[in-house]
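Structural characterization, general
Residues per chain are reported as follows:
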Amino acid sequence: MILVLVETSPSREAVEVSREAVTFARSLSDSGGGVPVDAVVVGAASEALVATLASYGVRQVHVLEGDAFAAFSGAAWASGILAVRASAGSVVVMAAGTPRGNEVMAHVAARAGVAMAANVLSFSGLSPFVVTRQVVGGSALEEMRLSDRPAVFTVAGHAVEASPAAAPGPGEVVTHTPDVDAADLVARVVSSEEPEPDLSGTLTSARVVVGAGRGAGSSDGFADLLELTELVGGSLGVSRVVTSLGWRPHHEQVGQTGSRISPDLYIPCGISGAIQHWAGCSTAKNILAINTDPDAPMVTKATYAVIGDLHEVVPAINEEIRRRRSAG
Amino acid sequence: MTNVLVCIKRVVDSSSEVVLTDDGQAVDGRFAGFTMSAHEECAVELAVQIAAATGGAATVLTLGDADATEQLRSALAVGCTAAVHIVADSQTFGPADVAREIAVVARDHDLVLLGNDAADSGDFQVGIRLAYELGRPVVNGVTNVVVEDGVAVASGAGPDGHETYRVPLPAVVTILEGGVEPRYPTVPGRMKAKKVAIEERTPSAAPAGPARVRLLLPPPAPSNVQILGKGADAAPAVVDLFEQLGVLAR
Ligand SMILES: Cc1cc2nc3c(=O)[nH]c(=O)nc-3n(C[C@H](O)[C@H](O)[C@H](O)COP(=O)(O)OP(=O)(O)OC[C@H]3O[C@@H](n4cnc5c(N)ncnc54)[C@H](O)[C@@H]3O)c2cc1C
Ligand SMILES: Nc1ncnc2c1ncn2[C@@H]1O[C@H](COP(=O)(O)O)[C@@H](O)[C@H]1O
């Protein structure tokens with residue numbers, strides 16, 4: 001049996017990356033002769049959540065309940081998952097490659113004394129079980145052999161597209177209230193505050209993001225970029241160089257260690273397009289790069305580009321927008 | 001008095017093009033140079049702050065080849081006062097091997113800080129495995145830690161907001177960048193770093209190794225870029241595009 005940790009949103013729905021992980025598990029099941037796919041959910045599972053998981057082909061939804069699961073603890077979650085695994089006999093334990101998914105799977109692997117592969121994109125064989133995963137922030141791939149059982153791994157975000165099964169599974173709910181050792185509750189979340197509404201929230205939901213990198217030149221180089229941001233009703237996103245030089249705050253950073261954005265249009269200005277930056281903007285629908293270097297990776301990967309100095313191009317665009325507005 | 005151990009890894013600077021070694025087992029650093037991950041730079045900064053605030057000491061540790069002294073010296077230059085070098089080829093050590101080797105040294109320390117994930121292998125697990133080796137609690141992926149009355153107060157962004165953990169020491173905490181600004185080394189700091197004697201150790205056991213078959217480079221994506229123009233003259237074409245995509249705020 002394949003056991004997938006499914007994470008839920010504040011409204012208790014299965015998050016997209018977890019649905020991707022279940023989709024991945026199904027393809028693994030198909031090539032493994034149809035071993036069932038089960039889900040494990042921490043905290044009460046609504047009927048809607050169970051229905052979603054059934055539509056993804058899930059056989060059983062294991063629900064971990066009890067005081068031990070009231071606040072997050074990686075060790076407690078892992079202990080609960082291993083209790084489910086013991087009762088159901090899973091040969092694979094997996095999750096989405098989210099911060100929580102990677103953390104909990106690392107606990108599972110350490111407790112079970114097996115290897116763990118983070119951020120898997122695909123698998124290429126069952127015996128031996130070989131997975132390909134992202135390393136070096138996505139700039140390289142590693143083929144890794146997972147010979148232990150359970151095979152423990154996480155699935156990189158967007159490695160596969162989340163898609164319901166051709167035929168739904170039974171989605172039978174099995175509730176577990178395993179005993180959790182006091183030691184597993186020592187490192188536990190003691191308080192959680194609502195996120196600041198106006199920080200990266202608008203950046204991740206903006207339809208248009210204007211990006212700024214080292215090409216902005218200095219902390220004084222943002223006036224035209226901010227004007228463009230306002231003219232297109234968008235948000236400003238920046239590269240890590242910009243935040244580490246202190247030109248702009250960290251919450252504006254886009255990339256592997258910043259926000260992940262998927263706007264209709266991303267306009268990176270003076271950003272080279274390093275893989276760690278690309279990791280945060282690759283799902284933008286359209287990219288218009290403005291860069292002096294026609295060979296910059298951001299330019300070659302973009303949908304559209306303007307070759308030139310952003311300090312000339314951006315003011316000219318702003319001027320043209322204002323001109324058309326006053327004319328129209 | 002909190003004695004902090006901070007673990008860093010010498011990795012190839014991958015901010016530009018990544019090249020693999022001929023045997024496909026590692027990233028080739030001959031041209032790009034070496035660094036440590038930004039998460040670890042922040043962990044070093046936090047270790048130095050906690051040592052200063054509690055009158056303790058910050059020790060830096062790495063498991064790496066002879067050249068990894070370069071990264072130990074950079075941590076010494078920003079305020080760590082002792083260094084431990086487990087001399088070994090880190091490419092032949094898997095995450096469980098590294099955790100076991102760190103554990104040998106870490107038993108004497110109240111708090112061990114690590115990065116959330118190493119910039120090259122990205123295994124996301126050495127800190128957690130270390131905690132199990134030591135039988136200590138572990139907080140993972142936080143951006144800030146302070147020590148108050150023998151308790152590590154660690155906080156960072158979680159899926160539902162800003163989360164706080166309070167764990168009695170001894171404990172293990174893994175750090176994500178973004179909570180603190182790593183300081184730049186000063187000239188006196190660099191001079192002092194040169195004088196610190198680095199404790200060299202050999203691994204306590206032969207490594208089982210990573211389960212790596214080989215590394216590969218992802219195929220380059222074909223370019224389909226449409227160049228709208230050069231310099232300021234491109235502005236009308238850009239604004240035409242904005243209108244076509246319907247993104248202009250009215
Ligand atoms: C573990 C790790 C995590 C990382 N996480 C992130 C992350 O989350 N986000 C991130 O952004 N980076 C991240 N990085 C850093 C990343 O590798 C790059 O160093 C960074 O993205 C480069 O920023 P940049 O494009 O602004 O600067 P550069 O790479 O220096 O590029 C500047 C670009 O601007 C162009 N330019 C210069 N002047 C002008 C001008 N006047 N007009 C127009 N164009 C001009 C140049 O041609 C060049 O293409 C990470 C690195 C590591 C190792
Ligand atoms: N060879 C090493 N020497 C010292 N610390 C290491 C080593 N490898 C990993 N670490 C630490 O463990 C963290 C997580 O690494 P990983 O689990 O490999 O992604 C890193 O950020 C480092 O702090």
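Scroll up for the structure.
Residues numbered from 1 in each chain as written. Chains lettered and ligands numbered in written order. Predicted model: local features only at pLDDT ≥ 70, side-chain atom pairs only at ≥ 80, totals over all residues. Heavy atoms only, no water.

1. Notes on the interface of chain B and chain A
The condition that has to hold: Should any heavy atoms of two residues lie within 4.5 Å, those residues are counted as being in contact. Buried area is a sum: the accessible area each of two parts loses on coming together, probed at 1.4 Å, counted once for each and added. Definition used for salt bridges: Asp or Glu carboxyl oxygen within 4 Å of a side-chain nitrogen of Lys or Arg. Helix and strand assignments follow DSSP, with helices taken as H or I runs no shorter than four residues and strands as E runs no shorter than two, numbered in order from the N terminus. As a working rule, the residues Ala, Val, Leu, Ile, Met, Phe, Trp, Tyr, Cys and Pro are called nonpolar, Asp, Glu, Lys and Arg charged, and the rest polar, with Gly in that last group. Pairing between strands is defined by DSSP: at least two bridges between them are needed.
Contacts between the two partners involve 68 residues from chain B and, on the opposite side, 73 residues from chain A. Contact between chain B and chain A buries roughly 5,800 Å² in total, counting both sides, with carbon and sulfur atoms accounting for 58%. The tally of links between chain B and chain A comes to seven salt bridges. Measuring nitrogen to oxygen at the nearest pair gives 2.8 Å for the salt bridge that ties Arg133 of chain A to Asp123 of chain B. Of all the elements in the fold, those that place two or more residues in the side of chain B that touches chain A are helix 1 (38-54), helix 4 (126-134), strand 7 (138-142), strand 10 (161-168), strand 13 (212-216), strand 14 (226-230) and helix 6 (235-245) of chain B. Broken down by element, the side of chain B that touches chain A gets its largest block of residues, 10 residues, from helix 6 of chain B. Taken together, the residues of the side of chain B that touches chain A sort by class into 36 nonpolar, 18 polar and 14 charged. One ladder, built from four bridges, connects strand 10 (residues 189-193) of chain A with strand 10 of chain B; its direction is antiparallel.

2. Description of the site of ligand 2
All names here are of chain B. Put simply, the rule reads: One heavy atom suffices: a residue is near a molecule or strand as soon as one of its heavy atoms comes within 4 Å of it. For the purposes of these results, a polar contact is taken to be a pair of N or O atoms within 3.5 Å, where, inside protein, one atom must be able to donate a hydrogen and its partner to accept one; residues adjacent in sequence count only when each atom of the pair is a side-chain atom. Computed with the Shrake-Rupley method and a 1.4 Å probe, the accessible areas treat only the protein chains shown as cover for residues.
Every one of the 18 residues lining ligand 2 counts as a neighbour, but Cys7, Glu40, Leu63, Gly115 and Ala118 are closest to it. Within the backbone of Leu63, an N or O atom sits 2.8 Å from a nitrogen atom of ligand 2. Relative to its unbound accessible area of 490 Å², ligand 2 is 99% covered by the protein chains. Contributing elements (two or more residues each) for the shell around ligand 2: strand 4 (57-64) and strand 6 (111-115). Each residue belonging to the shell around ligand 2 can be placed in one class, and the counts come to eight nonpolar, six polar and four charged.

3. A short note on the environment of Leu146 of chain A
Tracing the sequence through the fold places Leu146 of chain A in the loop between strand 7 (140-145) and strand 8 (151-155). The spatial distance from the C-alpha of Leu146 of chain A to the C-alpha of Pro128 of chain A is 7.4 Å, given a sequence separation of 18 residues.

4. What to know about helix 4 of chain B
In plain terms, the rule: Exposure categories follow from relative accessible area, calculated using a 1.4 Å probe and restricted to protein chains: below 20% of the type maximum is buried, above 50% is exposed, and the middle band is partly exposed.
Turning to helix 4 of chain B, its buried residues number three or more, namely Gly127, Ile128, Arg129, Leu130, Ala131 and Leu134 of chain B. Taken together, the buried residues of helix 4 of chain B touch helix 4 (99-112) and strand 5 (116-126) of chain A together with helix 3 (95-106), strand 6, strand 7 and strand 11 (171-175) of chain B. Of the residues flanking the end of helix 4 of chain B, it is Gly135 of chain B, one or two places downstream, whose phi is positive at about 65 degrees.

5. What to know about unusual backbone geometry
Cis rather than trans, the peptide bond between Arg149 of chain A and Pro150 of chain A has omega equal to 0 degrees. With respect to the helices, strands and loops of the structure, Pro150 of chain A is situated in the loop between strand 7 and strand 8. Looking along the chain, the bond that leaves Leu169 of chain B and enters Pro170 of chain B is cis, with omega of 0 degrees. Looking at where Pro170 of chain B falls in the secondary structure, it is placed in the loop between strand 10 and strand 11. Of note in this structure, Phe124 of chain B is not a glycine but carries a positive phi near 55 degrees. In this structure, Phe124 of chain B sits in the loop between strand 6 and helix 4. Positive phi values are uncommon outside glycine, yet Asp149 of chain B reaches one of about 50 degrees. Here Asp149 of chain B is to be found in the loop between strand 8 (144-148) and strand 9 (151-158).

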